[in-house]
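Chain by chain, the residues run as shown.
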Amino acid sequence: MAESNGDPGTTREETARIEELEQQLQQAERLAAVGLTAGGLAHTIKNILGGLEGAIYTLDSGLEREDLELTATAWEMVRRYLDQVSTLVASLLDYARDQAPRRETVTPGALVNGVVELFEDKGSLVGVRVEGEVEEGLPAVEVDPQAIHACLANLVTNAIDACQWDPDVDKQHAILIQARRRPAGGVAFAVADNGPGVAPENQDKILSSSFTTKGLRGTGLGLLLTRKAVEQHGGTIGFDSTPGQGTRFQIDLPEVARSDRGP
């Protein structure tokens, strides 16, 4: 007789088959989400190309004026937009396949500072201040630094977009990226903005697959990637938002991060 796995009506072979089907279903859902976001991805790439055109124009101006400072600034803009394309493609491939995080020891402050450096210039160009705040004495964490960096970058990108579309044009928009110790152990990363907030009717859907509040401007992929990466680290992601006042996303990572597929 085949051995059961806890449920008297289910054999070990049946349990293994159910787990295999669940994995196949998760893979199908990921691929379906990628398909749903393809149109939005095209618009995202178009926006990046528009930024590259602006950077190249600035670069040409710097060369024409023989302004080394302007030229260096423009070249850094080009590099960052190229990095965005590379990250977008890599993230899309990562989302479509199932793989465990590649963990390294990194300080939370390094992650926060890296994201601030990436976005502070872009934010200033559209009137949004991007700052970081790291609690003193935070221990190093074992995470996939590229994955967590991408999570924070996705949240900051959404926050910048939200601030740009805020109908309150007199508001001094700002985004704060934080790293703090969790009372239960581990580290909490947060991205808070003072933009328009999320409408109440959308708050229950904001972390669902392929949902976006940006219409054709959004892919819905950023939050999908973020949620997947956080869950692979054994963490959770949540948010609170007040219409007219802003939104705060928080990523909670345990002290000993474990993959959702690991023991």
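As shown above, the structure is provided for reference.
Residues numbered from 1 in each chain as written. Predicted model: local features only at pLDDT ≥ 70, side-chain atom pairs only at ≥ 80, totals over all residues. Heavy atoms only, no water.

*Asks:* Where do I start with the sheet that holds strand E4 (residues 173-181) in this structure?
*Replies:* Strands in a sheet are paired, the pairing made by backbone hydrogen bonds, and the direction either parallel or antiparallel. If you trace the five strands from one edge of the open sheet to the other, you get E2-E4-E5-E7-E6, paired in mixed fashion. In this open sheet, the two edge strands, each paired with only one partner strand, are strand E2 (128-134) and strand E6 (236-242). Geometrically, the sheet is characterised by an average inter-axis angle of 15° between neighbouring strands, direction not taken into account. In terms of strand pairing, E4 meets strand E5 (residues 187-193) through seven bridges, oriented antiparallel. Within the sheet, the bridge partner assigned to Ala-179 lies in E5 and is Phe-189. Strand contacts of helix H4 (residues 108-125): E2, E4 and E5, with the helix running at about 170° to E2, the strand carrying the most contacts. (Pairing = 2+ DSSP bridges. Helix = DSSP H or I, 4+ residues; strand = E, 2+ residues; numbered from the N terminus. Axes fitted to C-alpha atoms, helices over the stretch in contact; angles between N-to-C directions. Contact = heavy atoms within 4.5 Å.)

*Asks:* Help me out: how do you make sense of the packing of aromatic side chains in this one?
*Replies:* A complete count under the given rule lists one aromatic pair for this structure. A ring pair is formed by Phe-239 and Phe-249, whose centres lie 5.2 Å apart and whose planes are at 25°; its orientation type is stacked. Separated by 10 residues along the polypeptide, Phe-239 in strand E6 and Phe-249 in strand E7 (residues 246-253) bring together distant segments of the chain. With a relative accessible area of 10%, Phe-249 lands in the buried category. (Phe/Tyr/Trp six-rings, centres within 6.5 Å; stacked < 30°, edge-to-face > 60°. Buried < 20%, exposed > 50% of the residue type's maximum accessible area, 1.4 Å probe, protein only.)

*Asks:* I would appreciate a short explanation of the environment of Leu-138 in the present structure.
*Replies:* Among the secondary structure elements, Leu-138 is positioned in the loop between E2 and strand E3 (141-143). Measuring from C-alpha to C-alpha, the distance between Leu-138 and Pro-108 comes to 7.1 Å, with 30 residues separating the pair along the chain. With sequence-adjacent residues up to four places away left out, Leu-138 is seen in contact with Pro-108, Ala-179, Arg-180 and Arg-181.

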